Amino acid sequence: MNSDGGPKGTNTQLTAAGRRAEWTGPVVNPPVWRASTHLYPDTAALKDGGAANEDGRFFYGRRGAPTQWALADALTAIEPGAAGTVLYPSGVAAIAGALLAVLKPGDVLLVTDNAYEPSRVMANGLLHRLGVEARFFDPLDIDGFADRFCDRTKAVLLENPGSLTMEVCDVPALAAMAREKGAVSLIDNTWASPIGFPALERGCDISIMSLTKHVGGHSDLLMGAASGGDRWYRRLRQTAQALGQVVSPDDAALALRGLRTMGLRLERTSATALALAEWLADRPEVAHVLCPMHPGSPGHDLWRRDFSGGCGLFSVIFAADDARMAERFVDGLSLFGIGFSWGGYESLALPIDPAAIRTATSWPPAHWDPAHRCGVRLSIGLEDPADLIEDLARGLAQMEQK
Ligand SMILES: *Cc1c(COP(=O)(O)O)cnc(C)c1O
């Protein structure tokens, strides 16, 4: 349904993506195909069945059916440069699946020091056990990056911005360096999604996303995806099949439903996040607002250069050197839920103390006042901005009460 004219706008793409007539039939959405066994008309067809290992060929439930194919196809359509997308039962499974697809014993993996904590744990635990050595690097130290490579360095894991501390790094430069050194670059692109940051176009080899966040969008499903050009997509697919990775058709249908409105939700939550970031930046209790879309925030210039959008997730660091104050702030909020995850329609808040999970760099950064350390991460939902600001004011008032 996309044969006429040139490239389409984001929301037009999100409306059309994955809706192939052979999968939807006469209705708008592909039905939920709950299927393990796929039946063959005869033994000749059975013999032929396994031949082409492609989405769109019935074989057996582990290779999916139209509901999952439509979702993978839709995600490929919105990721410029992707030849295909593999689905995983969670974002963490997608990170694990992608790393296992590109690494072998003896390899060195460079991991950005602002990586999502489970990615760090995976690098230091599972991958270490499999003979892969993880080395953490400062994502902002472009000049030092080349020195981090050795002849065993086979992959680089990026995250942009870091989903806790929101550092924006120069992905095109880091990915180009990785390529020059013969290493695969993988990026956890959950924050911006390809809508805000077309990672493959920016030079990365594999783009990973937790669909649990913006794509699902309603805090009711877990899923992940990894996309790549032809070579890496084949590797991802082989490895995922060897590991038996598969997603349920019911969850795939929910993810497809979420995808249709993702562009609108991202626009709205980004705008509200920016309004809240501006309001917080003027408050005396706040030392740093870490929101890439906000002109006063670190990394804003790179964000403007490389991104075409943002999302509702940002962090705030308080002036007081007291983790209890961040907890009182969060406990003082009533519209923000307290919980992990983000990207849902409802706002969430979480106290953070990033120092605990840095090894290659210091937290707070060397040029900050060392007291500026603790804060909160906010995931902004679809509520009215004025109500959220009123709630933040309540939280700040509560924070000051002993
Ligand atoms: C949540 C998250 C993940 C993991 O996603 P799940 O679907 O919860 O497993 C990966 N990366 C980032 C940056 C995340 O925030």
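Residues numbered from 1 in each chain as written. Predicted model: local features only at pLDDT ≥ 70, side-chain atom pairs only at ≥ 80, totals over all residues. Heavy atoms only, no water.

(A) Just the site of the ligand, in detail. Residues in contact with the ligand amount to 15 residues; listed here are only the nearest, Gly 91, Asp 188, Thr 212, Lys 213 and Trp 342. Take Asp 188: an N or O atom from its side chain is 2.6 Å from a nitrogen atom of the ligand. A distance of 2.5 Å separates an oxygen atom of the ligand from a polar side-chain atom of Thr 212. With three residues, the single largest contributor to the shell around the ligand is helix 5 (residues 91-102). (Near = heavy atom within 4 Å. Polar contact = N/O pair within 3.5 Å; in protein donor to acceptor, adjacent residues only side chain to side chain. Helix = DSSP H or I, 4+ residues; strand = E, 2+ residues; numbered from the N terminus.)

(B) A look at the UniProt feature "modified residue: N6-(pyridoxal phosphate)lysine" (unreviewed entry) in the protein chain. The residues that UniProt annotates with the feature "modified residue: N6-(pyridoxal phosphate)lysine" (unreviewed entry) are Lys 213. Among the structural elements, Lys 213 can be located in the loop between strand 6 (206-210) and strand 7 (224-228). Using a relative accessible area of 9% as the deciding quantity, one classes Lys 213 as buried. Every residue in contact with Lys 213, bar those within four places of it in the chain, is listed here: Thr 190, Ser 341, Trp 342 and Gly 343. (UniProt positions renumbered as here; feature names shortened; annotations may be inferred. Buried < 20%, exposed > 50% of the residue type's maximum accessible area, 1.4 Å probe, protein only. Contact = heavy atoms within 4.5 Å.)

(C) Examining the pattern of salt bridges more closely. For the structure shown, the criterion picks out 24 salt bridges. Close ionic contact of Asp 73 with Arg 20 constitutes a salt bridge, the shortest N to O distance being 2.8 Å. With Asp 73 in helix 4 (residues 66-77) and Arg 20 in the loop between helix 1 (10-16) and helix 2 (21-24), this pair connects stretches of sequence that are 53 residues apart. Among the residues examined, Arg 20 registers a relative accessible area of 36% and is labelled partly exposed. Residue Arg 358 pairs with Asp 113 through a salt bridge whose shortest N-O separation is 3.5 Å. Residue Arg 358 is found in the loop between strand 11 (348-352) and strand 12 (375-379), and its partner Asp 113 is found in the loop between strand 2 (108-112) and helix 6 (117-124); the two are separated by 245 residues along the sequence. Residues joined in a network through salt bridges with shared partners are Asp 113, Arg 120, Glu 167 and Arg 358. (Salt bridge = Lys/Arg side-chain N within 4 Å of Asp/Glu carboxyl O.)

(D) Local environment of the packing of aromatic side chains. By the definition in use, this model includes ten aromatic pairs. Centre to centre, the rings of Phe 137 and Phe 145 are 4.8 Å apart; their planes meet at 50°, and the pair counts as tilted. Across the pair, exposure class does not vary: Phe 137 and Phe 145 are buried alike. Relative to Phe 149, the ring of Phe 145 has its centre 5.0 Å away and its plane inclined at 85°; by these criteria the two rings are edge-to-face. Exposure class is identical for Phe 145 and Phe 149. Each is buried. An aromatic cluster is built from Trp 23, Trp 33, Phe 58 and Trp 69, whose rings are joined through pairwise contacts. The side chain of Arg 120 reaches across the aromatic face of Phe 136, ending 4.1 Å from its centre. (Phe/Tyr/Trp six-rings, centres within 6.5 Å; stacked < 30°, edge-to-face > 60°. Lys NZ or Arg CZ within 6 Å of the ring centre and 35° of its normal.)

(E) Main features of the sheet that holds strand 12. The strand order across the open sheet built from five strands is 8-9-12-11-10, with neighbouring strands paired in mixed fashion. Strands with a single pairing partner mark the edges of an open sheet, and in this sheet they are strand 8 (286-290) and strand 10 (337-338). Its contacts with the sheet put helix 14 (residues 323-331) on strand 9 (313-318), strand 10, strand 11 and strand 12, and the angle it makes with strand 11 is roughly 170°. (Pairing = 2+ DSSP bridges. Axes fitted to C-alpha atoms, helices over the stretch in contact; angles between N-to-C directions.)

(F) Geometry of the sheet that holds strand 2. Across the sheet, which stays open at both edges, the seven strands sit in the order 1-7-6-5-4-2-3 with mixed pairing between neighbours. Among the strands making up the open sheet, the edge pair consists of strand 1 (84-88) and strand 3 (133-137). Averaged over all pairs of adjacent strands, the angle between strand axes in this sheet comes to 20°, irrespective of strand direction. When strand 4 (residues 153-159) meets strand 5 (residues 184-188), the two strands line up parallel, connected through five bridges. Note on strand 5: the bridge partner recorded for Ala 155 is Val 184. Each of strand 1, strand 6 and strand 7 is contacted by helix 4, which is oriented at about 125° to strand 1, the strand it contacts most. Against the sheet, helix 11 (residues 230-242) makes contact with strand 1, strand 5, strand 6 and strand 7, and its axis sits at roughly 25° relative to strand 1, the strand it touches most.

(G) Seen up close, the packing of helix 5 against helix 6. It is at 10 Å that the axes of helix 5 and helix 6 come closest, and there the two elements cross at 35°. Handedness of the helix 5/helix 6 crossing: right-handed. Residue-level contacts link Val 92, Ile 95, Ala 96 and Leu 99 of helix 5 to Pro 118, Ser 119 and Met 122 of helix 6. Across the contact of helix 5 with helix 6, the residue classes break down as six nonpolar, one polar and no charged. (Left-handed = near helix turned anticlockwise from the far one by under 90°. Nonpolar A, V, L, I, M, F, W, Y, C, P; charged D, E, K, R; others polar.)

(H) Summary view of the environment of Ser 119. By the secondary structure assignment, Ser 119 is in helix 6. When its relative accessible area of 2% is taken as the criterion, Ser 119 is described as buried. In this structure, the C-alpha to C-alpha distance between Ser 119 and Phe 58, residues 61 residues apart in sequence, is 34 Å. Apart from residues no more than four positions distant in its own chain, Ser 119 is found in contact with Ile 95 and Leu 157.

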